[in-house]
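This is what each chain is made of:
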Amino acid sequence: MLSSRVTPMTDASAKRKPTIRQIAALSGVSRSTVSRVINGGHWVSPDARKAVEDAIAASGYTANHHARSLATGRANSLAFLLTEPHQLLFDDPTFALLLRGSAAALAQRSMTLVLLVASTPAERQSVAHFLGAGHVDGVMLISSHESEPLMEQLIDSGIPVVCCGIPLGHESEMSTISVDEVGSARTMAAYLRDQGHERIGMIAGPDDTPGGRFRLVGFREELGDRFDASLVETGDYSFESGQTAMAALLERGVDAVFAASDRMAAGAIAAARRAGLRVPEDVAVAGFDDSGLAATHVPPITTMRQPWDQISSQMVDVLLEQVTGAAPRSVILDTELVVRESA
């Protein structure tokens, strides 16, 4: 049973504008519950609602423009927020696929998609101001890094958020749409092993991203005693990092490599060719995503296909649920092994 007793804020804390984080601490509930209360959500228990309302009264908290706008009428738009450098929107086909799918899903509902990019402190400040002004009803957060400064700001703002991929460190505080990263990597590692490869290396993504962290976990778990940590290099999902990582792995002797993105797999193939090796005859290379590059590459790349249309539509569906007051929830989608000529 939640207690409705709330400790008044101290003089020092009262001088600062109360935040959702403070209201959550005062009322003994999560920040997402506070957000649902101030946004008029119906999926909140009476005890939790009373605890939050008492904390708001004791602290003098004033809901932001976004919360007030939800009570009177919505903006009828959602934000597609990319926390990566601008050029990646065009260089990395995965972002374009998600953007296109999200726009199509919203168009079916006669809603508007607002594209926001925030990779610098100035851009983050501008985006935070824009979102706080109530211009959109919710945010689709794309490519979240564990240390992303906007993550805390989004949660504290109370605006509904759905994250594409598991938001490391904030898994229980926002909705997530992700693929089975661990299971997908296990599938690829098992495939390469079953093809008879003995020294299987991996080009992992950054550890502060869900794809970087959990695909390595699955790869390591599947290989078990055959896993060799010296045959793992880390890239940043780019073609160039795939080249660099592959050059290092070739020096240690590998006969197959699993790259955590198709772009890194393409870079790995380029490095193998530069070293005078044939793909897949001398070294097999596999990737992850199947966002278009893998099918058109020469040779075509064996990869784990992400269900891009499903990811986009689920992001929109789950976010709109939250806009109407539903609790955050997580959706995990399956991937598919696509075997092509590279492995």
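Just above sits the structure.
Predicted, not measured: the structure shown is a model, and the values here were computed from it. (Residues numbered from 1 in each chain as written. Predicted model: local features only at pLDDT ≥ 70, side-chain atom pairs only at ≥ 80, totals over all residues. Heavy atoms only, no water.)

S.K.: Before we move on, can you summarise helix H10 (residues 181–194) with the specific residues and values?
M.R.: Given a rise of 1.5 Å per residue, 14 residues ought to cover 20 Å, and the 20 Å separating the end C-alpha atoms of H10 matches this to within 8%. All buried positions along H10 are accounted for by Glu181, Ser184, Ala185, Met188, Ala189, Ala190, Tyr191 and Leu192. In the stretch just after H10, Gly196 is the one whose phi turns positive, near 95°. (Helix = DSSP H or I, 4+ residues; strand = E, 2+ residues; numbered from the N terminus. Expected span 1.5 Å × (residues − 1). Buried < 20%, exposed > 50% of the residue type's maximum accessible area, 1.4 Å probe, protein only.)

S.K.: Go over the packing of helix H2 (residues 20–27) against helix H4 (residues 46–59) with me, naming the residues and quoting the values.
M.R.: Packing of H2 against H4 brings their axes to within 9 Å, and their N-to-C directions diverge by 120°. In terms of orientation, H2 lies oblique with respect to H4. For the element pair H2 and H4, the recorded crossing hand is right-handed. Of H4, the residues touching H2 (which contributes Ile23, Leu26 and Ser27) are Ala51, Val52, Ala55, Ile56 and Ser59. Residue classes in the contact of H2 with H4 are distributed as six nonpolar, two polar and no charged. (Axes fitted to C-alpha atoms, helices over the stretch in contact; angles between N-to-C directions. Parallel < 35°, antiparallel > 145°, perpendicular 65-115°, else oblique. Left-handed = near helix turned anticlockwise from the far one by under 90°. Contact = heavy atoms within 4.5 Å. Nonpolar A, V, L, I, M, F, W, Y, C, P; charged D, E, K, R; others polar.)

S.K.: Kindly report on the sheet that holds strand S6 (residues 200–204), identifying the contributing residues and their values.
M.R.: Taken in spatial order, the six strands of this open sheet run S7-S6-S8-S9-S10-S12, and their pairing is mixed. Both outer strands of the open sheet, strand S7 (232–234) and strand S12 (336–338), are each paired with one neighbouring strand and no more. Put simply, the sheet's adjacent strands are angled 20° from each other on average, direction ignored. Relative to strand S8 (residues 256–259), S6 is paired through four bridges, and the arrangement is parallel. In the sheet register, Met202 faces S8, and the bridge partner there is Phe258. (Pairing = 2+ DSSP bridges.)

S.K.: Lay out the packing of helix H7 (residues 93–107) against helix H15 (residues 308–323) with the relevant residues and their values.
M.R.: Look at H7 against H15: their axes get within 8 Å of each other, and the N-to-C directions meet at 50°. Taken together, the axes of H7 and H15 are oblique relative to one another. For the pair H7 and H15, the sense of crossing is right-handed. Along its contact with H7, which presents Thr94, Leu97, Leu98, Gly101, Ser102, Ala105 and Leu106, the element H15 presents Trp308, Ile311, Ser312, Ser313, Met315 and Val316. The residue makeup of the contact of H7 with H15, split by class, is eight nonpolar, five polar and no charged.

S.K.: Any details on the sheet that holds strand S3 (residues 138–142)? Residues and values, ideally.
M.R.: Reading across from one edge, S2-S1-S3-S4-S5-S11 is the order of the six strands in this open sheet, with parallel pairing throughout. What marks the edges here is a single partner per strand, and that holds for strand S2 (112–117) and strand S11 (330–333). On average, each strand axis in the sheet is tilted by 20° relative to the strand beside it, whichever way the strands run. As paired elements, strand S4 (residues 161–164) and strand S5 (residues 175–179) share three bridges and run parallel to each other. Across the sheet, residue Val162 finds its bridge partner in S5, namely Ser175. Its contacts with the sheet place helix H9 (residues 149–157) against strand S1 (77–82), S3 and S4, and it is angled at close to 160° to S3.

S.K.: Describe in detail the packing of aromatic side chains, supporting the description with residues and values.
M.R.: With the rule as written, the count across this model stands at three aromatic pairs. Judged by centre distance (6.1 Å) and plane angle (80°), the ring pair of Phe219 and Phe227 falls under edge-to-face. On the basis of an interplanar angle of 40° and a centroid distance of 6.5 Å, the ring pair of Phe258 and Phe288 is categorised as tilted. One end of the pair, Phe258, is in strand S8; the other, Phe288, is in strand S9 (residues 284–289), and 30 residues separate them in sequence. Residue classification places Phe258 among the buried positions, given a relative accessible area of 0%. Classification of Phe288 by relative accessible area gives buried; the value is 0%. By way of ring pairs, the aromatic residues Phe219, Phe227, Phe258 and Phe288 are connected into one cluster. One Lys or Arg, Arg215, reaches over the ring of Phe288 and ends 3.7 Å from the middle of that ring. (Phe/Tyr/Trp six-rings, centres within 6.5 Å; stacked < 30°, edge-to-face > 60°. Lys NZ or Arg CZ within 6 Å of the ring centre and 35° of its normal.)

S.K.: Which residues make up the pattern of salt bridges, and what values go with them?
M.R.: Applying the stated rule across the entire model yields 17 salt bridges. Of the charged contacts in the structure, one is a salt bridge between Arg186 and Glu221, with a shortest N-O distance of 3.3 Å. Residue Arg186 is found in helix H10, and its partner Glu221 is found in helix H11 (residues 210–223); the two are separated by 35 residues along the sequence. Residue Arg305 pairs with Asp290 through a salt bridge whose shortest N-O separation is 2.6 Å. Residue Arg305 is found in strand S10 (residues 302–305), and its partner Asp290 is found in the loop between S9 and helix H14 (293–296); the two are separated by 15 residues along the sequence. In this structure, a network of salt bridges that share partners links the residues Arg186, Arg193, Asp194, Glu221 and Glu222. (Salt bridge = Lys/Arg side-chain N within 4 Å of Asp/Glu carboxyl O.)

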